[in-house]
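# Architecture at a glance
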Amino acid sequence: MSHISETIFTIHPAEISLGDLRKIYRMPYQIVLDKAAYPEIERSRKTVEDIIADGQTVYGINTGFGLLASTSIDDDNLEKLQTNLVLSHCTGVGKDLSDDVVRLIYSLKISSLSQGHSGIRLSTILAFIDFINAGLIACIPEKGSVGASGDLSPLAHMTAALMGEGYVRCEGEKISAMDGLKKVGLKPITLCAKEGLAFLNGTQVSTALALVGLFQTEDIFAAAVVAGAMSIDALMGSVAPFDARIHAARGQPGQIAVAPKYLALLEGSGIMRSHVDCGKVQDPYSLRCQPQVMGACLDIINNAARTLLIEANATTDNPLIFENGDVISGGNFHAEPVAFAADTLALALCEIAAISERRLAFLIDPKMSNLPAFLVRDSGINSGFMIAQVTAAALVSENKSFAHPSSVDSLPTSANQEDHVSMATFGARRLSDMAFNSANVIAIECLAAAQGIDLRVPEKTSEVLQEMQLKIRNYVAYYDQDRYFAPDIEAITTLVKEGAFSDPVMDILPSGKM
């Protein structure tokens, strides 16, 4: 297995865990390639060199690309072919991808290229690792890929930076790639036969973006479970719907896994004890159906994680080289699995925020909550959480538009040679916009639930939820009267995104298991 030790990430190709990838997403590491991968890399490269020496014509090695695949290229022009391929594909537009996404792209690409199917020189891979370890972040425009044949344009921008073309970020400053290489004492690489195509083909950008969406969804899911438990206590809800027998009777694995988390979070609550003999029969669905809704979301998250972990460890360039010398052109670059995973994560993000907003609406309604209107004393002169709920509603509604599946769209490219594409890159990229919305919704619920619990004094919530509430109160004071509200939301949204509420739930999430 690949592993991380302090600030070093040793890549064992095809053996990267989700936990490792999550750490790379969080912070930079020095990359080391396991030397056990060297023989396979060198074997596949020898196959390429033998093909050229024998005068064979093989796609991707000494031919044109796409619709030009039948055009043979003479040996003297093979380096120029690779250079032209990279430069012509640098057509991306929009903002540059963030450092965390680029770090993931780097790691995924190293793993893919090092599995002995790509025909790339070992020296080229090691030069790529030197580039990474020097702290250079390739400036990769976020738009311009349809997710087949691979993430061509964004990976071209990454590869061009290794060649001294385009731009990099060095210590946070955007400079020309050539200046960046000089600054860190490296030279631009020159690509040989097959290498440019190996760099450009592949789903690493779509997969990295989807992995970021997955990690964000995990943190939002965990915070939503905590917020939901806090809301149960603030609203004097019942724990009866979380009885394990109910969930075992249905058999859905996510539901069975998440229901006990609510019981654990609420165990020992003084607020819960204070109304044990109340006459209330049933809570609204947004309280009592949390295991059913969040469990279904957990199942989606786990399924998407399995797909993305497979893809993270895959070889997805084309053509592929095999041990017996066969060079076979296929379509592993088609990112349909990533597109489907991203689309299902979008559904989970949508629903996690949607049910959270409903609990928030319950909290601010005095008829339903038996708390002061809009969770503030002297309501009337104070508006309290009135417009915070409006913000949550706006974000939930926006997510509904984002959740339209990208994978059902396709436009032919490359003169109809590439006639069906996945649109995985946009599908994965839009997850961060949805995660931003959902994290803010959960943050608003956290604030409202914490306010509701404070309004139940002298009764206290459970010890675990008191710890969660203290995290909130370390950044945001009790809402005693109207004040400038936006910084409160921003502060708790940051906690949600940083995983500050994840510990009680992480063991049932993919990054805690895979």
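Overview of the structure. (Residues numbered from 1 in each chain as written. Predicted model: local features only at pLDDT ≥ 70, side-chain atom pairs only at ≥ 80, totals over all residues. Heavy atoms only, no water.)

## Some remarks on the packing of aromatic side chains
Using the criterion set out here, one finds 8 aromatic pairs in the structure. Pairing Tyr25 with Phe215 gives two aromatic rings, centres 5.5 Å apart and planes at 35 degrees, and the pair type is tilted. A residue pair is termed long-range when its members are at least 10 positions apart, and Tyr25 in helix H1 (residues 18–26) and Phe215 in helix H9 (residues 204–234) qualify at 190 residues. Across this residue pair, the class does not change: Tyr25 and Phe215 are buried. With 5.5 Å between their ring centres and 70 degrees between their planes, Phe128 and Phe199 make a pair best called edge-to-face. You can see Phe128 sitting in helix H5 (residues 122–133) and its partner Phe199 sitting in helix H8 (residues 195–200), a full 71 residues away along the chain. This pair shows no difference in class: Phe128 is buried, exactly as Phe199 is. Grouping aromatic residues by their ring pairs yields a cluster made of Tyr106, Phe128, Phe131 and Phe199. (Phe/Tyr/Trp six-rings, centres within 6.5 Å; stacked < 30°, edge-to-face > 60°. Helix = DSSP H or I, 4+ residues; strand = E, 2+ residues; numbered from the N terminus. Buried < 20%, exposed > 50% of the residue type's maximum accessible area, 1.4 Å probe, protein only.)

## Some points on the sheet that holds strand S7 (residues 167–170)
Spatially, the 3 strands line up as an open sheet ordered S5-S7-S8, and their pairing is antiparallel. Both outer strands of the open sheet, strand S5 (136–138) and strand S8 (173–176), are each paired with one neighbouring strand and no more. Each neighbouring strand pair of the sheet contributes to a mean axis angle of 40 degrees, computed without reference to strand direction. Pairing of S5 with S7, which is carried by 3 bridges, proceeds in the antiparallel orientation. (Pairing = 2+ DSSP bridges. Axes fitted to C-alpha atoms, helices over the stretch in contact; angles between N-to-C directions.)

## As for the nonpolar core
Of all hydrophobic cores here, the largest spans 161 residues; its most connected members are Leu21, Leu211 and Phe221. Ranked by the residues each element gives to this core, the list is headed by H9, at 20 residues. (Core = buried A, V, L, I, M, F, W, Y, C linked by side-chain atoms within 4.5 Å.)

## What to know about H5
The α-helix advances 3.6 residues per turn, and as a result positions three or four apart in sequence lie on the same side. The first and last C-alpha atoms of H5 sit 16 Å apart over 12 residues, in line with the 16 Å expected at 1.5 Å per residue. Listed as buried for H5 are Leu122, Thr124, Ile125, Phe128, Ile129, Phe131 and Ile132. Among the residues trailing H5, Gly135 stands out with phi positive, at a value near 85 degrees. (Expected span 1.5 Å × (residues − 1).)

## Let's talk about unusual backbone geometry
Here the bond from Ala148 into Ser149 is cis, since omega is 5 degrees, no more than 30 degrees from zero. Structurally, Ser149 is set in the loop between strand S6 (141–143) and helix H6 (152–162). Val457 connects to Pro458 through a cis peptide bond whose omega is 15 degrees. Here Pro458 lies in the loop between helix H18 (424–454) and helix H19 (463–473). Phi at Phe374 is positive, roughly 60 degrees, even though this residue is not glycine. Looking at Phe374, the relative accessible area reads 25%, which means it is partly exposed. Phi is positive for Met423, which is not a glycine, with a value near 60 degrees. By the secondary structure assignment, Met423 is in the loop between helix H17 (386–402) and H18. With relative accessibility at 12%, the residue Met423 sits in the buried group.

## Points about the side chain of Ser44
By the element assignment, Ser44 lies in helix H2 (residues 38–53). Using a relative accessible area of 1% as the deciding quantity, one classes Ser44 as buried. A polar contact is formed between the side chain of Ser44 and the backbone nitrogen of Gly119, at a distance of 3.3 Å. Apart from the residues lying within four places of it in its own chain, the contact partners of Ser44 are Gly116, His117, Ser118, Gly119, Ile120 and Ile321. (Polar contact = N/O pair within 3.5 Å; in protein donor to acceptor, adjacent residues only side chain to side chain. Contact = heavy atoms within 4.5 Å.)

## So, the pattern of salt bridges
Per the stated rule, a full pass over the model turns up 20 salt bridges. The salt bridge partner of Asp50 is Lys46, with a shortest N-O separation of 3.0 Å. One end of the pair, Asp50, and the other, Lys46, are both in helix H2, 4 residues apart, so they sit about a helical turn from each other. For Asp50, a relative accessible area of 33% puts it in the partly exposed group. In this structure, the salt-bridge partner of Arg245 is Asp243, at a minimum N-O distance of 2.7 Å. Each member of the salt-bridge network shares a partner with another, and the members are Arg22, Arg26, Glu218 and Asp219. (Salt bridge = Lys/Arg side-chain N within 4 Å of Asp/Glu carboxyl O.)

## Concerning the pairing of S8
Sheet topology note: the S7/S8 ladder contains 4 bridges and is antiparallel. When the bridges of S8 are listed, Cys170 appears paired with Glu173. Linkage of S7 to S8, two consecutive antiparallel strands, is achieved through a turn of 2 residues, within which Glu171 is found at a positive phi near 55 degrees.

## Regarding the pairing of strand S2 (residues 8–11)
Pairing between S2 and strand S3 (residues 30–33): 4 bridges, direction parallel. For Phe9, the partnering residue across the bridge sits in S3 and is Ile31.

## Quick notes on the environment of Arg377
Turning to its location among the elements, Arg377 is positioned in the loop between helix H16 (366–369) and H17. Residue classification places Arg377 among the partly exposed residues on the basis of a relative accessible area of 48%. Along the sequence, Arg377 and Asp130 sit 247 residues apart, while their C-alpha atoms lie 60 Å from each other.

## Details of a nonpolar patch on the surface
There is a patch of nonpolar side chains on the surface, built from Met386, Ile387 and Val390 and spanning about 250 Å² of accessible area. Along the chain, Ile387 falls in helix H17. (Patch = residues over 30% accessible without salt bridge, like charges linked within 9 Å, V, L, I, M, F, W, Y side chains within 5 Å. Areas by Shrake-Rupley, 256 points an atom, 1.4 Å probe, with all protein chains shown as cover.)

## Here's the deal with the state of the cysteines
Going through the model one piece at a time under the given rule, you end up with 0 disulfides. Sulfur of Cys350: no disulfide; nearest cysteine sulfur belongs to Cys297 and is 9.6 Å away. The class for Cys350 is buried, based on a relative accessible area of 9%. (Disulfide = S-S within 2.5 Å.)

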